[in-house]
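Report on the structure
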Amino acid sequence: MGIIDKVRSDREGLAIQLEKHPGLAARFEDTYPDQAHFIFELLQNAEDAGATEVRFDLRDDLLSFEHCY
């Protein structure tokens, strides 16, 4: 199982519960760490582009993100 599939699998139960309980979604969004949200956006973009893997390269002054096919 690739990383994108694993992330999707890990978050699927939460997504179902958030759809069932809109009030829970609002509370979750209020406490969601905005500073990390971009990571999920990058993963979603990679999935939308058909990537099967992604690569992060984190340095002191740089974050590089690459879609892998």
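Below, the structure is looked at part by part.

Criteria and thresholds
- Residues numbered from 1 in each chain as written.
- Predicted model: local features only at pLDDT ≥ 70, side-chain atom pairs only at ≥ 80, totals over all residues.
- Heavy atoms only, no water.
- Helix = DSSP H or I, 4+ residues; strand = E, 2+ residues; numbered from the N terminus.
- Buried < 20%, exposed > 50% of the residue type's maximum accessible area, 1.4 Å probe, protein only.
- Contact = heavy atoms within 4.5 Å.
- Areas by Shrake-Rupley, 256 points an atom, 1.4 Å probe, with all protein chains shown as cover.
- Phe/Tyr/Trp six-rings, centres within 6.5 Å; stacked < 30°, edge-to-face > 60°.
- Lys NZ or Arg CZ within 6 Å of the ring centre and 35° of its normal.

1. A look at the overall build of the protein chain
- Per the secondary structure count, the protein chain includes three helices and two strands.
- From first element to last, N terminus to C terminus, the protein chain shows the α and β order α-α-α-β-β.
- Per-residue burial for the protein chain yields a buried fraction of 14% across its 69 residues.
- When contacts within the protein chain are restricted to residue pairs at least 6 apart in sequence, those whose partners lie at least 24 apart make up 28%.
- Summing over all exposed atoms, the protein chain offers an accessible surface of approximately 5600 Å²; the carbon and sulfur share of this is 52%.

2. Quick notes on the packing of aromatic side chains
- Across all of its chains, the model carries one aromatic pair by this definition.
- If you follow Arg-11 out to its NZ or CZ, it ends over the ring of Phe-40, 4.2 Å from the centre.

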